[in-house]
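Listed here are the chains, written in short residue letters.
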Amino acid sequence: MAEQPAATAPRAEWRPAVNPWLIAASVMLATFMEVLDTSIANVALNHIAGNLSASTDEATWVLTSYLVANAVVLPATGWLGRFFGRKRFLIACIVIFTLASLLCGLATSLPFLIVARIIQGAGGGALQPIAQSVLLESFPPEKRGNAMSVYAIGVVVAPILGPTLGGYLTDAYSWRWSFLINLPIGVVAVILCSLFLEDPPYLRDGSKPGRIDFVGLGLLTLWIGCLQIMLDKGQDEDWFSSTFICVLSLGAVIGFVVFLIWELRVANPIVNLRVLLDRNLVIGTLLLFLIGALLYATNAVLPLFLQNLLNYPSFQSGMVVSPRGIGAIAGSIIAGRVLATGKIDGRAWIAGGFVVLGVAMVMLGDLNTAISPWTLVPAVVISGFATTCVFVPMSTFSMATVSREQIGDASGIVNLARNVGGSVGISLVTALVTRGAQTHQALMVGHLSPFNPVFNDQLAAMQRALAGQSGSVTAQNQAYALMYRTLQAQASLFSYVDGFRLMVLVCFACAVLPFLFKRGARPPAGAAAAAH
């Protein structure tokens, strides 16, 4: 018989020419820098507003503009990487991000800074999904757990360290250094990516994804922009009692529906929604949305508690929260090694991580105004450990059954889900704390009654203590003011406790969802290559 043609023989799975850990270091340096920037400017807002002659409310556009531009680019990264070439596109994004950071540091007015932040967000939006795609493709399937542990250090630890580093740079030097610190990191990242990064064969074969889907890009910008601004400004505008928020919510809903219809019908969509036909990816996207909400909500509410009720300065509150990074790094390393052995069902590990995270939230739910910083450290460390224990295997499971050519599209979608989840989590917990404090105050104020003997005894004791320093009338007014201030503090404390206890319920509910992943969803070696 005639010999079979060589073309029918299975092709070996592609591997990069250099050690994949060098590639991991290259892409994660840039990613860590970008994720850090999502939170590093938060603590500097008051300084930015004062230095640029703007109100604090106006200065919040420094954060909102970055998040909107960042979120628009995230889901389109797969298409843009195929169109321009992933290596070339990544290096260009790092250069844009670094130059925009320089412009942010040199800004002389708030409008100039906001424009620079939009450019910075657009440049940085592609860094997370490209890093995830590169790591998943550079490592063999059995090593992807280790790769995702490196990725988790970047996307989980960076938001935790951001407020601490930003507070230190702002207090010790200037708010401008929160942006200028990116310059040397960006230069090193460009050099490393130029040396070690390479495009896989399916991106080098010369095929292009077609013409740019301008309609899809416009619709994507519309609904994400409306959603992000609505979430960021909702509490300040009293949510749906504001016409502005109602218009934004309408724009987000209509834009999203039309975007879905358009992207599913067009031949070359800017966002390939068809990848969501993969069951594991859909479940992973939902879980990453929820873990993003929990991570960012905790990062937001704990510093607020320390600063508003315990009167900690920004840097000190950041130092109290920063041990969470130690737990996150430990959890990332352990989860990567556990996944590599294959002896424990990854779904059970994710579920256990959510349970441990729920236990940490229970510990934080016992807060009071008499605690010391060290009382919080165990719960903070445990929450960091649990977060990466969940994040690492969940990222691996989400992509386990996605073909190599679709990893770029899939990673853009799951990273968008995590970031939008973070915005939703921050908005919900901020609204809960603010409105919960008002509700508790309304319930508790009835106890400040002249018919309450406990209140009368406390008020009389305060008046006697203050009478020696001022007259009896002034002492009475001061005593009432102190009692009311105590009432406000207790009402705020209860609202923070409610926030953490709500997170307990979310964590325990999430512990069920990982078992919807396909059992043993790990592609065999060479499966991705066969898809080529």
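Residues numbered from 1 in each chain as written. Predicted model: local features only at pLDDT ≥ 70, side-chain atom pairs only at ≥ 80, totals over all residues. Heavy atoms only, no water.

Draft legend 1. The overall build of the protein chain, seen in detail. Assigned secondary structure in the protein chain consists of 23 helices and zero strands. The C-alpha atoms of the protein chain give a radius of gyration of 25 Å, which matches the 24 Å a tight globule of 532 residues would have. Expressed as lengths along the three principal axes of its C-alpha atoms, the size of the protein chain is roughly 110 × 55 × 45 Å. Going through the 532 residues of the protein chain one by one, you find that 55% of them count as buried. When contacts within the protein chain are restricted to residue pairs at least 6 apart in sequence, long-range pairs at least 24 apart make up 84% of them. In the form shown here, the protein chain has an accessible surface area of approximately 22700 Å², with 68% of it arising from carbon and sulfur atoms. Of the side chains in the protein chain, 30 bear a positive and 25 a negative charge, and the two mean positions are spaced by 6 Å. (Helix = DSSP H or I, 4+ residues; strand = E, 2+ residues; numbered from the N terminus. Rg over C-alpha atoms; globule rule 2.2 N^0.38 Å. Buried < 20%, exposed > 50% of the residue type's maximum accessible area, 1.4 Å probe, protein only. Contact = heavy atoms within 4.5 Å. Areas by Shrake-Rupley, 256 points an atom, 1.4 Å probe, with all protein chains shown as cover. Lys, Arg positive; Asp, Glu negative; His and termini not counted. Charge placed at Lys NZ, Arg CZ, Asp CG, Glu CD.)

Draft legend 2. Structural detail: the environment of A122. Tracing the sequence through the fold places A122 in helix α7 (residues 110–124). Residue classification places A122 among the partly exposed positions, given a relative accessible area of 32%. With near-sequence residues (within four places) excluded, A122 lies in contact with A69, N70 and V73.

Draft legend 3. Just the layout of surface pockets, in detail. Approximately 450 Å³ is the volume found for the second largest pocket. The set of elements that each furnish at least two residues to the lining of the second largest pocket consists of α13 (214–233), α14 (243–265), α15 (279–308) and α20 (407–444). Split into classes, the residues belonging to the lining of the second largest pocket amount to 19 nonpolar, two polar and no charged. (1 Å grid on protein atoms, 1.4 Å probe; cavity = no way out; pocket = protein on both sides within 12 Å on 5 of 7 lines; lining within 4 Å. Points joined across faces, edges and corners; volume = space filled by probe spheres on them. Nonpolar A, V, L, I, M, F, W, Y, C, P; charged D, E, K, R; others polar.)

Draft legend 4. The packing of helix α6 (residues 86–106) against α7, seen in detail. Taken N-terminus to C-terminus, the directions of α6 and α7 make an angle of 160°; their axes are 8 Å apart at the nearest point. Classified by the angle between their axes, α6 and α7 sit roughly antiparallel to one another. Two packed elements cross with a definite hand, and for α6 against α7 that hand is left-handed. Of the residues in α7, those touching α6 at C93, I96, F97, A100, S101, L103 and C104 are F112, L113, A116, R117, I119, Q120, G123 and G124. (Axes fitted to C-alpha atoms, helices over the stretch in contact; angles between N-to-C directions. Parallel < 35°, antiparallel > 145°, perpendicular 65-115°, else oblique. Left-handed = near helix turned anticlockwise from the far one by under 90°.)

Draft legend 5. Spotlight on empty space enclosed by the protein. Per the stated rule, a full pass over the model turns up four cavities of 30 Å³ or more. Surrounding the second largest cavity, P159, I160, P163, T164, N299, P303, G318, V321 and S322 form its lining. For the lining of the second largest cavity, the elements supplying multiple residues, two or more each, are α9 (144–172), α15 and α16 (314–321). Counting residues per element, the lining of the second largest cavity draws most heavily on α9, which supplies four residues. For the lining of the second largest cavity, the class distribution of residues is five nonpolar, four polar and no charged.

Draft legend 6. Highlighting the confidence of the model for the protein chain. The predicted model of the protein chain averages 79 in pLDDT, with 91% of residues at 70 or higher. Contacts from residues 1–11, a stretch scored under 50 in pLDDT, to residues over four places away or in other chains number two contacts. Note that pLDDT drops below 50 for residues 523–532; the model gives that stretch 18 contacts with residues more than four away or on any other chain. (pLDDT = per-residue confidence, 0-100.)

Draft legend 7. Inspection of the nonpolar core at higher detail. Ranked by internal contacts, the top residues of the largest apolar core, which has 125 residues, are L135, I291, F305, F354 and M361. No other element matches α15, which puts 13 residues into this core. C104, A107, W175 and F179 belong to the second-largest nonpolar core, a separate cluster that totals 18 residues. (Core = buried A, V, L, I, M, F, W, Y, C linked by side-chain atoms within 4.5 Å.)

Draft legend 8. Up close: the packing of α6 against helix α8 (residues 127–138). As a packed pair, α6 and α8 sit with axes 11 Å apart at the nearest point and diverge in direction by 140°. Two packed elements cross with a definite hand, and for α6 against α8 that hand is left-handed. Contact residues: α6 offers R86, F89, L90, C93 and I94, while α8 offers L127, I130, S133, V134 and E137. Residue composition of the contact of α6 with α8, grouped by class: seven nonpolar, one polar and two charged.

Draft legend 9. Region of the structure containing helix α11 (residues 182–196). The end-to-end C-alpha distance of α11, which contains 15 residues, comes to 21 Å, matching closely the 21 Å that a straight helix rising 1.5 Å per residue would cover. The secondary structure elements touched by the buried residues of α11 are α1 (20–40), α6, α7 and α10 (177–180). (Expected span 1.5 Å × (residues − 1).)

Draft legend 10. Looking closely at a nonpolar patch on the surface. A contiguous nonpolar surface patch, about 390 Å² in accessible area, is contributed by I96, L103, F112, V115 and I119. At the level of secondary structure, the elements contributing two or more residues to the nonpolar patch comprise α6 and α7. Considering each element in turn, the nonpolar patch owes the most residues, three residues, to α7. If you trace the backbone, F112 turns up in helix α7. Taking relative accessible area as the criterion, F112 reaches 38% and is therefore assigned partly exposed. (Patch = residues over 30% accessible without salt bridge, like charges linked within 9 Å, V, L, I, M, F, W, Y side chains within 5 Å. Salt bridge = Lys/Arg side-chain N within 4 Å of Asp/Glu carboxyl O.)

Draft legend 11. Just the side chain of N272, in detail. As for its placement among the helices and strands, N272 is situated in the loop between α14 and α15. On the basis of relative accessibility, which here comes to 14%, the residue N272 falls in the buried class. Residues in contact with N272, not counting those within four places in the same chain, are Q406, D409 and I413.

Draft legend 12. Geometry of the environment of V156. Within the secondary structure layout, V156 lies in helix α9. According to the relative accessible area criterion, V156 is buried, its value standing at 2%. As a C-alpha pair, V156 and R324 span 168 residues in sequence and 9.8 Å in three-dimensional space. Those residues in contact with V156 that sit more than four places away from it in its chain are L295, A328, T387, T388 and F391.

Draft legend 13. How the structure looks around the environment of V190. Within the secondary structure, V190 is located in helix α11. Taking C-alpha positions, V190 is 5.9 Å from I91, a pair spaced 99 residues apart along the chain. Every residue in contact with V190, bar those within four places of it in the chain, is listed here: I91, I94 and V95.

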